[in-house]
Every structure is written in C-alpha cells, then in structure tokens.
Amino acid sequence: MPVSLDIEVEVTAPGLVLTGAETAATERVAAGLCGGPEGARVDEPAWVASVRDSWEELPARLRRALRAFRRDPGPGGALLVRGLPVAESGLGGTPLTDCSVQRTATVPASVLMLVACGLGDPAAFRPEKTGALVQDVVPVPGREEFQGNAGSVLLTFHNENAFHPHRPDFVMLLCLRADPDGLAGLRTSCVREVLPLMDAGTRAALHRPEFRTAPPPSFGAADGPAEPHAVLTGAYEDPDLRVDMAATQPLTERAAAALAELQLLFERTARTARLEPGDLAVVDNRITVHGRTAFSPRFDGTDRWLQRTFVLADLRRSRAHRADDGYVLADPAGTRG
C-alpha cells in the first residue's frame, strides 16, 4: 500500500516491509540475472527482456503492492519498500564522480530493473549520465551548491525532467548506503494533498499555460525558449503536476503569485524519509514532486549512495525519440516544451 512521507516527522510506517524469506527470494531472482563470465550488461535490450521474464518470480506480496501503486498511488504519491537486498558489505566506496552509473548487472541494479519492469518499462535520457538505465546518486566534490543529484545543499521540489514531453512516470531510488550523519532525507509533496488547501484563484492560474520550464544543465543549452505550459493539467479534480521550482519561470504576475503559493503549500504538506540500505522509494512523477534535505558529505567513501532508475508506464508514446525501439530517449530539437 502507498505510504505518506512527512518532512517534519520521519517515516515510521513504510508501505511494505519484506520478510526475511521475501528478501532472500528477491535476492535469488536478482542474483540469477547477474551471470556470465564478464557480467550481464544492464543497458542491453536482451538483458532487459530477461529481467521482464523474471518479474513473475518475485514474491507475490511485492508484486501486488507495486501493481496496486501503479493503478493508484494514493494521497501521498509515493511508495516505500523496505528489506530489499543490496549486498551492502560488498559495495566498495561511494563513487565521487558526477557521471557515475551502473553498467554491469549487480543485485541492486537487478532489483531496480525488476521493479521497473513491473511498473512499466525502464527508460533513460541520452544527455543525462550518458543514457544509463541505472544511475548513481551521490554527492560530488565541488558540486555542493548544485541543484541536482550531485549536490548536497537543499534540493528544491521538482518533477523529474519537468521540461521534457516524455518525462518519467515513476522515479525509483534504491538506497545502497545511508548518509552516515543521518541528515539527508528524501522530500516529497503530492498535488492530491495540496489541492484542498489551495484557493480557487491560485488553482485557476496554475491551469493556465503561463509557465516555462528550462532543461537542467545536464541536457545542455536549449535551442530556444521552451513552450509555455500549465502547471496543472488533466482532470480538474485530480490533475497531473508539471513544475520544477528551480527551473520553472512564471510568465505573468498572476502566474508568479500562484507559483509562490504552490511553493508554500509544498512546504506545508511535505513529507520526508531518511532512506536506509535496502529501502526503495518509488515516486509517482505525474502527481508528486520530490527533493532532498541538505547534508554535509565527507567524500571519504562512506557517503550516501542511491541508485536511480526512471520508468515510463507507456513506452510506445515516446517511440519517435528512441532509436531502434530501445530504452534511451534522445533530446532532439523542439522537444523541450
């Protein structure tokens, strides 16, 4: 069942805690995908196909929870699963580079990809971490002030790749190593909990196409101004959300006032989870923004280490942007609206 995360109070009641037997069963399935003398390659379509075939071998309770979350992510728009295998003792030091990714199949990478195949299909973006399907989220020396996964200052609320027409439907974050100081926390806020607190004028303004969202630095310079878009779209009573507080610019005074009010409501309803090894947070990127509390990295190999995978619930919709019907989206001119 979905879990609500709270920014002032740590999460103490996760959505699903695996039993020891379920953890062991999941590890057997994941380890079975890591074979071969040179190791399986995470980004190979044939390997992804084998992962998809192995989805049904996961514990039934885990599969049921993920299917239920895909259908209805609940009021908080996030699911926390605890007790997944990550083989923490054999990890080695936390990477220190901005471009760190996982190309060879490991137990944690296989777990991420198994869950991705249960929620939809894994996906990546070519300009971002070279299009790897499993990406390391770690603090990087010299990037402390960066508004992105390499930074360690407060990361503002955002939908992942909010600028992109095929932004992820789900963002998955698997904790391999916790922040040794216990300061770094995943923050989320869901439009379903924000709307009841929003006045009619703010809501109407957020439904108007009076906002522009720039791509993150990892995608390079845009070819021109992004097309105006609304922050709230779809069903009026249960809208989708498209915003990045560090990159979305209001185009009118009423849009600016509405965006400021939305930021206050995100803070008012925000929730947090300080992830431990084996914790998987799944965020519904269509209705939920996420961010991170500030922390102080040590850069000594013991820092917080997450691995991230994006999921598209309808892979076909992005077919024109994926060469050879693969899993990596290019970023052609004209798609940044």
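Residues numbered from 1 in each chain as written. Predicted model: local features only at pLDDT ≥ 70, side-chain atom pairs only at ≥ 80, totals over all residues. Heavy atoms only, no water.

## Thoughts on the overall build of the protein
Counting secondary structure elements, the protein contains seven helices and 17 strands. Along the first, second and third principal axes, the C-alpha atoms of the protein reach 60 × 45 × 40 Å. Here the contacts in the protein between residues at least 6 apart in sequence split such that 82% fall between residues at least 24 apart. As presented, the protein carries roughly 13500 Å² of accessible surface, and 52% of it is formed by carbon and sulfur atoms. If the 36 positive side-chain charges of the protein are averaged to one point and the 44 negative ones to another, these points end up 4 Å apart. (Helix = DSSP H or I, 4+ residues; strand = E, 2+ residues; numbered from the N terminus. Contact = heavy atoms within 4.5 Å. Areas by Shrake-Rupley, 256 points an atom, 1.4 Å probe, with all protein chains shown as cover. Lys, Arg positive; Asp, Glu negative; His and termini not counted. Charge placed at Lys NZ, Arg CZ, Asp CG, Glu CD.)

## Looking at the environment of Arg 177
As for its placement among the helices and strands, Arg 177 is situated in strand 7 (residues 170–177). Judged by relative accessible area, which is 14%, Arg 177 ranks as buried. The spacing of Arg 177 and Leu 306 is 129 residues in sequence and 6.9 Å in space, taken between C-alpha atoms. At 2.8 Å, the side chain of Arg 177 and the backbone oxygen of Gly 92 are in polar contact. Of note is the side chain of Arg 177, whose polar atom sits 3.1 Å from the backbone oxygen of Gly 301. (Buried < 20%, exposed > 50% of the residue type's maximum accessible area, 1.4 Å probe, protein only. Polar contact = N/O pair within 3.5 Å; in protein donor to acceptor, adjacent residues only side chain to side chain.)

## Quick word on the pairing of strand 7
Extensive coverage of strand 7 is indicated by the burial of eight of its eight residues. In this sheet, strand 14 (residues 280–284) lies alongside strand 7 in antiparallel orientation, the contact comprising five bridges. The partner of Met 172 across the bridge, within strand 14, is Val 282. (Pairing = 2+ DSSP bridges.)

## Focus: the pattern of salt bridges
Tallying each qualifying case throughout the model produces 18 salt bridges. A network of salt bridges, in which partner residues are shared, links Asp 72, Arg 192 and Asp 238. (Salt bridge = Lys/Arg side-chain N within 4 Å of Asp/Glu carboxyl O.)

## Observations concerning the nonpolar core
A general trend in soluble globular proteins is that nonpolar side chains are found buried together. The biggest cluster of nonpolar side chains holds 65 residues, and the ones touching the most others in it are Trp 47, Met 172 and Leu 280. Among the elements that take part in this core, helix 4 (residues 107–119) stands out by supplying 10 residues, more than any other. Filtering out sequence-adjacent residues up to four positions away, Trp 47 remains in contact with Leu 33, Ala 40, Arg 41, Val 42, Ala 105, Ser 110 and Met 113. Within the second largest apolar cluster, 23 residues are counted, among which are Ala 205, Leu 232, Val 243 and Ala 255. (Core = buried A, V, L, I, M, F, W, Y, C linked by side-chain atoms within 4.5 Å.)

## So, the environment of Ala 105
Locating Ala 105 in the fold gives a position in the loop between strand 3 (78–82) and helix 4. Classification of Ala 105 by relative accessible area gives buried; the value is 7%. Sequence separation between Ala 105 and Ala 31 is 74 residues, and the spatial gap between their C-alpha atoms is 8.8 Å. If we skip the residues at most four places from it in the chain, Ala 105 touches Leu 33, Cys 34, Ala 40, Val 42, Trp 47 and Ser 110.

## Some details on the pairing of strand 4 (residues 121–125)
The buried count for strand 4 comes to five of five residues, which makes it a mostly enclosed element. Residues Asp 121, Ala 123 and Phe 125 of strand 4 are buried on one face, and the alternating residues Pro 122 and Ala 124, pointing to the opposite face, are buried as well. Examined bridge by bridge, strand 4 and strand 16 (residues 305–312) share three bridges and lie antiparallel to one another. Paired with Pro 122 across the bridge in strand 16 is Val 311. Judged from the two bridges that link them, strand 4 and strand 17 (residues 328–329) form a sheet pairing that is parallel.

## Some words on the packing of aromatic side chains
In this structure the tally under the stated criterion is three aromatic pairs. Ring geometry for Phe 69 and Phe 170: centres 5.9 Å apart, planes at 50°, overall tilted. One end of the pair, Phe 69, is in helix 3 (residues 60–71); the other, Phe 170, is in strand 7, and 101 residues separate them in sequence. Classification of Phe 69 by relative accessible area gives buried; the value is 0%. With centroids separated by 6.0 Å and ring planes inclined at 65°, the aromatic side chains of Phe 125 and Phe 310 adopt a geometry described as edge-to-face. Taken together, the residues Phe 125 in strand 4 and Phe 310 in strand 16 connect sequence positions 185 residues apart. Since its relative accessible area comes to 1%, Phe 125 is described here as buried. Overall, the relative accessible area of 2% leaves Phe 310 in the buried class. The ring centre of Phe 146 lies 4.1 Å from the NZ or CZ of Arg 143, which sits over that ring. (Phe/Tyr/Trp six-rings, centres within 6.5 Å; stacked < 30°, edge-to-face > 60°. Lys NZ or Arg CZ within 6 Å of the ring centre and 35° of its normal.)

## Brief notes about the packing of helix 1 (residues 20–31) against helix 4
Interaxial distance between helix 1 and helix 4 falls to 8 Å at its minimum, and their mutual angle equals 100°. The orientation of helix 1 with respect to helix 4, classified from their angle, is roughly perpendicular. Judged by residue contacts, Thr 26, Glu 27, Val 29, Ala 30 and Ala 31 of helix 1 engage Val 107, Ser 110, Val 111 and Leu 114 from helix 4. Residue classes in the contact of helix 1 with helix 4 are distributed as six nonpolar, two polar and one charged. (Axes fitted to C-alpha atoms, helices over the stretch in contact; angles between N-to-C directions. Parallel < 35°, antiparallel > 145°, perpendicular 65-115°, else oblique. Nonpolar A, V, L, I, M, F, W, Y, C, P; charged D, E, K, R; others polar.)

## A look at the confidence of the model for the protein
If pLDDT is low for a region, its predicted coordinates should not be looked at in detail. Averaged over all residues, the pLDDT of the protein is 91; the fraction at 70 or higher stands at 91%. Per-residue pLDDT stays below 50 along residues 1–9; that stretch engages in 40 contacts with residues further than four places along the chain or on separate chains. (pLDDT = per-residue confidence, 0-100.)

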